[in-house]
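One letter stands for each residue in the lines below.
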Amino acid sequence: MTQDFYCDEVLSGNTKVNIVMETDKVLAYHHTRPYYKHHIVVIPKIHIQSFISQEEDNNDELLLEIMRVIKKVAADMVVQTGSSKIVTNLGTYQDSKHQHWHVVSGERIQ
């Protein structure tokens, strides 16, 4: 895997994704290799290394827009499945060095 799957593959268009929701700054799509029965990824459309990284653009405005998308995606998932979980990874847990959030529900399939 590359250091930034989201910039290198998703945002570049090299890997086609099934979009769930999109704003000017945020993209939510069905995971390309889901770990759960229902698995959506939410990312900023610019490169931000992680939730805690210090880029100038990693600011409250971007975080608020990401949270609005996550809130909508999670709420829709609760309506559809009865539950949802929101997860982000940091440090060595982060397999791709681009801020990303997982909204999941259902049984783990991987």
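For the structure, see preceding data.
Scoring rules and cut-offs
Residues numbered from 1 in each chain as written. Predicted model: local features only at pLDDT ≥ 70, side-chain atom pairs only at ≥ 80, totals over all residues. Heavy atoms only, no water. Helix = DSSP H or I, 4+ residues; strand = E, 2+ residues; numbered from the N terminus. Rg over C-alpha atoms; globule rule 2.2 N^0.38 Å. Buried < 20%, exposed > 50% of the residue type's maximum accessible area, 1.4 Å probe, protein only. Contact = heavy atoms within 4.5 Å. Pairing = 2+ DSSP bridges. Patch = residues over 30% accessible without salt bridge, like charges linked within 9 Å, V, L, I, M, F, W, Y side chains within 5 Å. Areas by Shrake-Rupley, 256 points an atom, 1.4 Å probe, with all protein chains shown as cover. Salt bridge = Lys/Arg side-chain N within 4 Å of Asp/Glu carboxyl O. Phe/Tyr/Trp six-rings, centres within 6.5 Å; stacked < 30°, edge-to-face > 60°. Axes fitted to C-alpha atoms, helices over the stretch in contact; angles between N-to-C directions.

Draft legend 1. A look at the overall build of the chain. The secondary structure content of the chain amounts to 2 helices and 5 strands. In sequence order, the chain lays out its α and β elements as α-β-β-β-α-β-β. For the chain, the C-alpha radius of gyration of 13 Å lies close to 13 Å, the compact-globule estimate for 110 residues. For the chain, the spread of C-alpha atoms along the principal axes amounts to about 35 × 30 × 25 Å. Counting all 110 residues of the chain, 35% fall into the buried class. The contacts of the chain with a sequence gap of at least 6 include a subset with a gap of at least 24, amounting to 58%.

Draft legend 2. Here's a closer look at the pairing of strand β3 (residues 36-44). Here β3 lies mainly inside the structure; 7 of its 9 residues are buried. Two successive antiparallel strands, strand β2 (residues 26-30) and β3, enclose a turn made up of 5 residues. Where β3 meets strand β5 (residues 101-108), 6 bridges bridge the pair, whose relative direction is antiparallel. Across the sheet, Tyr-36 pairs through a bridge with Arg-108, a residue of β5.

Draft legend 3. Region of the structure containing a nonpolar patch on the surface. Judged by side-chain polarity, Phe-51, Ile-52 and Leu-90 come together as a nonpolar surface patch covering roughly 250 Å² of accessible area. Structurally, Ile-52 is set in the loop between β3 and α2 (60-81).

Draft legend 4. Representation of the packing of aromatic side chains within the structure. Tallied over the full model, the rule gives 2 aromatic pairs. Taken together, a centroid distance of 5.6 Å and an interplanar angle of 85 degrees make the contact between Phe-5 and Tyr-6 edge-to-face. Accessibility expressed as a relative area gives 17% for Phe-5, which makes it buried. Relative accessible area serves as the criterion here: at 5%, Tyr-6 is assigned to the buried category. Summarising the aromatic geometry, the rings of Phe-51 and Trp-101 are spaced 5.4 Å apart at their centres and angled 85 degrees between planes, so their arrangement reads as edge-to-face. Of the two residues, Phe-51 is situated in the loop between β3 and α2 and Trp-101 in strand β5; the sequence distance between them amounts to 50 residues. Its relative accessible area of 9% is what places Trp-101 among the buried residues.

Draft legend 5. Here's a closer look at the sheet that holds β2. Strand order in this open sheet of 5 strands is β1-β2-β3-β5-β4, and the pairing throughout is antiparallel. Two strands bound the open sheet, and with one partner strand each, they are β1 (19-22) and β4 (85-88). This sheet shows a mean twist of 20 degrees between the axes of neighbouring strands, independent of strand direction. Examined bridge by bridge, β1 and β2 share 3 bridges and lie antiparallel to one another. Bridge pairing links Ile-19 to Tyr-29 in β2.

All we've got here are geometric facts, nothing functional implied.
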